Amino acid sequence: MRIQRLLTFVPWISAGTGDVKGNLHLELTDAISHREGYELTVSEGGILLRASTVDGLAWGVQTFRQLLPDAAFRAAGFVAVRVPVCTIVDEPGLGWRGALLDVARHFFPKRFVLRYIDTLAAHKFNRLQLHLTDDQGWRVEISRFPRLTSVGSSRDATQVTHYDEEPIFDRTPHGGYFSRDDIAEIVSYAADRGITVVPEIELPGHTGAMLAAYPEWGSPVRERSVATTWGIFDSLVSPLPDVEQHLFDLLDEVMELFPSPWIHVGGDESLIEEWERDPRVVQFMKDNDIDGYRALFSRFMTRLSQHIQSRGRRMVTWDDAFASDPSSAAPSVVMAWRGTEVGRKAADRGFEVVLAPVIPTYFDYYQSQDSREPLAIGGPVTIQDVLEFSPLPVDWAEDSRQHVLGTQFQVWTELIRSESYVEYMTWPRACALAEVAWSGAAVEALPFLNRLSEHMGRLDALGVDYRPLAGPHPWQEAGTGERRHRRSKDMREKAEFLDRAAAEGIIAFSPERGVADAD
Ligand code: TNX
């Protein structure tokens, strides 16, 4: 079934012109050793694609598509084509080639997610992390806890300014969520294309929408509504056993919905010192000999990890949870967002690591210094930065390099309010990251740019609203409305600060360390 669906990407090829016998033979064979590798042979007698798994075949089909005219990327087929005679033997350098789409800050419906998956698959990305929950929205139906969506999935207004600026609001309500059926459809659509959908449920911070629905899960308990502004909030779930049981039940339903071997539970930017303002938590720490909120944080994450592991899955967290207690035994995959140094530290300690440093994988940052760029969080992160990125740093010990699962780009959507803007921010930077991730190394700019100019024909055929290399099309420009360009501080300094802070074990933004803000 899955194999048959793969062929929907390849338009019917007629043997009519006599150049090529049009059959594409797919063969599953153990002779290809890498589970995502493939071998594609185009000869006068026909086309043979071999791989040891359906995923391998999927990547081979995507490569084959790239040998065809751009029309192979259009929804309507064509008849006769010539395909160059060639043999391609290929396998990925990295096993985690990820994309994160933040559907919490702004919701993007299923229809768009499916389209995004198609485009990711065409670039051989194999993980889509859906950032499903945050202070500003809860986006997945959980039947055991209906208020998460009945209350948590909409907000009455949205800040349309940068988090550093005076908030100006659009008072149009915003919301939406994926039903259980939507999730089933997204997950299987992605799987057919070689992509695992990794759910992210933020804990214990970034939980404002969850706590608007169930205030009694908070610590300390307080009434709150779904956030309408951006930044870091004091929303924190309680680590006490009664709430923990709800979280386990919730994660069980998430694991029912998502077959992914990896379950992401956030762990970032949590103002965990809030726990010490909750008398019940203070008593609990006393009774259980827990020495301070960092120890409590480790305990909380370890118990989540054990629960997830007891269901045969692996926990993934942002690096904050690791940095807070590098000696923690919580088995997890560490997603290093604050820099590669914290990634190295985690790898040295034997954690599996996904490198997702702000520079160059935060695609919510400006793409250039050009004042025509629509408002973004900061930056820039240029395509050149992405090409120079080496996700298996050469100066790391071999053993640490072995612990790198791969890399991932992030599209956070505080300021990204439309589907076309998501595409603009994603492509072509993601084309560059796709090559970095597939090859496992930095990519030489000139040959890449040559390939890219041809590849843009394919993106045109797909109808993707990518950013042209020379700058935005007039209709993509910032203009004078709410997306008007504002100069941002150069984020390089901030990025270096974050990396240092993370490597030193600071949970950034912790007032305790006098680091109230990373700016
Ligand atoms: C940091 S990355 C965040 C996100 C924001 C992003 C904006 C991470 C783990 N936390 O919540 O959306 O910066 O660039």
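How each quantity is defined
Residues numbered from 1 in each chain as written. Predicted model: local features only at pLDDT ≥ 70, side-chain atom pairs only at ≥ 80, totals over all residues. Heavy atoms only, no water. Phe/Tyr/Trp six-rings, centres within 6.5 Å; stacked < 30°, edge-to-face > 60°. Buried < 20%, exposed > 50% of the residue type's maximum accessible area, 1.4 Å probe, protein only. Lys NZ or Arg CZ within 6 Å of the ring centre and 35° of its normal. Near = heavy atom within 4 Å. Polar contact = N/O pair within 3.5 Å; in protein donor to acceptor, adjacent residues only side chain to side chain. Areas by Shrake-Rupley, 256 points an atom, 1.4 Å probe, with all protein chains shown as cover. Nonpolar A, V, L, I, M, F, W, Y, C, P; charged D, E, K, R; others polar. pLDDT = per-residue confidence, 0-100. Contact = heavy atoms within 4.5 Å. Axes fitted to C-alpha atoms, helices over the stretch in contact; angles between N-to-C directions. Helix = DSSP H or I, 4+ residues; strand = E, 2+ residues; numbered from the N terminus. Parallel < 35°, antiparallel > 145°, perpendicular 65-115°, else oblique. Left-handed = near helix turned anticlockwise from the far one by under 90°.

According to the stated counting rule, one finds 17 aromatic pairs in the structure shown. Measuring from centroid to centroid gives 4.6 Å for Tyr214 and Trp217, while their planes differ by 10°, and the two rings are stacked. A relative accessible area of 10% means that Tyr214 is categorised as buried. Members of the aromatic cluster, each reached through a chain of ring pairs, are Trp318, Trp337, Tyr362, Tyr365 and Trp412. Stacked on the ring of Trp96, the Lys or Arg Arg127 has its end atom at 5.2 Å from the ring centre. Above the face of the Tyr421 ring, Arg483 is positioned so that its terminal group lies 4.7 Å from the ring centre.

Contacts to the ligand come from Arg105, His206, Asp268, Glu269, Trp318, Trp337, Tyr362, Asp364, Tyr365, Ile377, Trp412 and Glu414. Within the contact set of the ligand, a nitrogen atom lies 3.1 Å away from a side-chain nitrogen or oxygen of Asp268. Glu414 is positioned such that a nitrogen or oxygen atom in its side chain is 2.7 Å from an oxygen atom of the ligand. Considering the ligand on its own, with 370 Å² of exposed area, one finds that the protein chains cover 93% of that surface. Looking at the shell around the ligand, its residues break down into 6 nonpolar, 1 polar and 5 charged.

Bringing the confidence of the model for the protein chain into the picture now. A residue-level look at the protein chain finds 93% of positions with pLDDT of 70 or above and a mean pLDDT of 92. Confidence drops under a pLDDT of 50 for residues 14–20, and excluding neighbours within four residues, the segment shows 11 contacts in the predicted structure. Taken together, the stretch residues 510–519 has pLDDT below 50 and engages in 21 contacts with residues farther than four places along the chain or on a different chain.

Looking now at the packing of helix H3 (residues 110–122) against helix H15 (residues 419–426). Put simply, H3 and H15 touch, their axes get as near as 11 Å, and they point 20° apart. In this view, H3 runs roughly parallel relative to H15, as classed from their interaxial angle. Helix-helix and strand crossings are classified by hand; for H3 and H15 the assignment is right-handed. Where H3 abuts H15, its residues Arg111, Phe112, Arg115 and Tyr116 lie against Glu419, Val422, Glu423 and Thr426.

Let us now look at the side chain of Arg97. Mapped onto the elements of the fold, Arg97 is located in strand E5 (residues 96–102). A polar contact of 2.8 Å, which involves the side chain of Arg97, links it to the backbone oxygen of Lys124. Discounting chain neighbours no more than four positions away, the residues touching Arg97 are Glu36, Trp59, Pro92, Lys124, Phe125, Asn126, Arg127, Thr407, Ala437 and Trp438.

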